[in-house]
Amino acid sequence: MKRTLIAGLFALSASVACAAPDVSNVVMTQGADRRVTVTYDLAGEDAIVTLSVETNGVPLAEGEVANLSGDVNKVIAVGAGKTIVWEATRSWPNHKVDNARARVTAWSKRAPPRYVVFDMTRGMAATAANPWPMTFYTSAETVPGGITNRRYKTTHLILRRVDPTDDLGFVMGSHSSEAGYNSTFEMRHNVRITKPYYLGVYEFTEGQRNLLNGDAVSTGSAYPATGMRWQLLHGTCYTWPYDASVDTASATQAKFLINLRNYSGGFLFDLPTDAQWEYACRAGTTGAFNDGTEFLESTATDSRLDELGLYKGNLGDRTGPAEVGSFKPNAWGFYDMHGNVREWVFDRRGPMTNADAVDPYKSNATQQSWNRIVRGGSWGDEARYCRSGSRALSFYTNYNATENGLTEERRPFVGFRIAAQVEVP
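Model, not experiment: these values are computed from the prediction.

### Focus: the packing of aromatic side chains
Inference 1: Across all of its chains, the model carries 15 aromatic pairs by this definition.
Inference 2: Above the face of the Tyr385 ring, Arg342 is positioned so that its terminal group lies 6.0 Å from the ring centre.

### Remarks on the nonpolar core
Inference 1: Core analysis: the biggest nonpolar cluster contains 58 residues, and Phe118, Leu159, Phe256, Phe269 and Phe416 have the highest contact counts within it.
Inference 2: At 5 residues, the largest contribution of residues to this core is made by helix 6 (residues 274-282).
Inference 3: The contact partners of Phe256, leaving out residues within four places of it in the chain, are Phe204, Leu212, Met228, Leu232, Leu233, Phe416 and Ile418.
Inference 4: In this structure, Val53, Ile84, Trp92 and Val104 belong to the second largest nonpolar core, which totals 23 residues.

### Quick notes on helix 6
Inference 1: Burial runs high along helix 6: 9 of the 9 residues are buried.
Inference 2: Along helix 6, the residues that are buried comprise Asp274, Ala275, Gln276, Trp277, Glu278, Tyr279, Ala280, Cys281 and Arg282.
Inference 3: Among the residues trailing helix 6, Ala283 stands out with phi positive, at a value near 50°.

### Quick word on the sheet that holds strand 6 (residues 68-70)
Inference 1: If you trace the 4 strands from one edge of the open sheet to the other, you get 2-3-8-6, paired in antiparallel fashion. Two strands bound the open sheet, and with one partner strand each, they are strand 2 (22-30) and strand 6. Ignoring which end each strand starts from, the neighbouring axes of this sheet average 25° apart.
Inference 2: Alignment of strand 2 against strand 3 (residues 36-43), held across 7 bridges, turns out to be antiparallel. Of the residues in strand 3, the one forming a bridge with Thr29 is Thr37.

### Brief notes about unusual backbone geometry
Inference 1: Each neighbour pair has its own omega, and for Trp240 with Pro241 the value is -5°, a cis peptide bond.
Inference 2: Along the polypeptide, Pro241 turns up in the loop between helix 4 (230-234) and helix 5 (255-263).
Inference 3: At Asn67, a position not held by glycine, the phi torsion is positive, near 55°.
Inference 4: Residue classification places Asn67 among the partly exposed positions, given a relative accessible area of 29%.

### Concerning the confidence of the model for the chain
Parts of the model with low pLDDT should not have their predicted coordinates read in detail.
Inference 1: The pLDDT averaged across the chain works out to 87; a share of 86% of its residues lies at or above 70.
Inference 2: Predicted confidence is poor over residues 9-18, with pLDDT under 50, and the contacts of this stretch with residues over four places away or in other chains come to 29 contacts.

### Let's talk about the pairing of strand 10 (residues 115-119)
Inference 1: Most of strand 10 sits inside the fold, with 4 of its 5 residues counted as buried.
Inference 2: Strand direction decides the pairing type here: strand 10 and strand 12 (residues 156-162), joined by 5 bridges, are antiparallel. When the sheet's bridge partners are listed, Phe118 is paired in strand 12 with Leu157.

Calculation rules
Residues numbered from 1 in each chain as written. Predicted model: local features only at pLDDT ≥ 70, side-chain atom pairs only at ≥ 80, totals over all residues. Heavy atoms only, no water. Phe/Tyr/Trp six-rings, centres within 6.5 Å; stacked < 30°, edge-to-face > 60°. Lys NZ or Arg CZ within 6 Å of the ring centre and 35° of its normal. Core = buried A, V, L, I, M, F, W, Y, C linked by side-chain atoms within 4.5 Å. Buried < 20%, exposed > 50% of the residue type's maximum accessible area, 1.4 Å probe, protein only. Helix = DSSP H or I, 4+ residues; strand = E, 2+ residues; numbered from the N terminus. Contact = heavy atoms within 4.5 Å. Pairing = 2+ DSSP bridges. Axes fitted to C-alpha atoms, helices over the stretch in contact; angles between N-to-C directions. pLDDT = per-residue confidence, 0-100.

Structure, rendered in structure tokens:
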């Protein structure tokens, strides 16, 4: 739920019926330096507050209402006299803001805005009481510097909200005519996803991992973080999202998700489920690739895939993955869902049937079943293994406390992408 209140410049307030959350008493003023100040009251419950502006009845482009500070784009505690400052001369230069109106929107923490960004630069110095700063943005256009800015690949973690499917769900699995189709693991069936979730716009990178591990060396690397075993990411928790209270792995084994949760102030991070990953990868498509390609040109190569991700067919002289975001995103703004590195998901690998499913995931009850799924293909794979529906062989065989079945030669091909429960702590 979100509540919006509009106020006109210099003339200026209104009220709405009490609700949770509730914005009231919005006032918008402008100083001689053209700096715009918006004040408001927030009641009902703590909420995420965003600002938009319209002038002469026409909304400004979202990217023009930038350079904001104060009580905006973050979780705001209830109270009166909240203040937002808009540096209009920086983001909307050479324009007057006469007759402008401000729209102050309070988003419930159970239904937050489209994008969330975590500033990881504090690294391991963050605590539950003083976590990484967390900011929210309503669209890609409102993200400071643009989503492709290098900061979101190295020192900041950006995630996009994925909304639930409609009642019809989406088609998971592959068409039987696709090159590389596996009838055991790719049978088409309808899946409904009933809860929204956040998913990383990019694969998790070396720079982000270095900050999480307290390593000040090469923190600027935008290459995907590879070589981390599933258990080191997830411990022995078999529920989604990750719950540290039921993780019996050692602190070293489960350090990754525990640290993410602690440093972010309790945000429930995890690996995406198999269905969540494919739903986000497809972004409304049903064929081999998320650009709308239905069938491959050949099992090994495809000219359409050349623009979507790094794989064996366009590898050239490379001997490893590309920097994240080097290829075209899908329609929902996710990068590298085809190729670059394979990505761990939460689920244990098993046969797929044609039965409809709702919020599915396959767990396991013992440590003897570490056959987890990797999705998306890698820089060393042929085109057939990079398809939206390809569910590659996982690299776990039998449980081993030291190696867990992931051999040294496989590690450079496997990375991961972060997911999170959408409700804000």
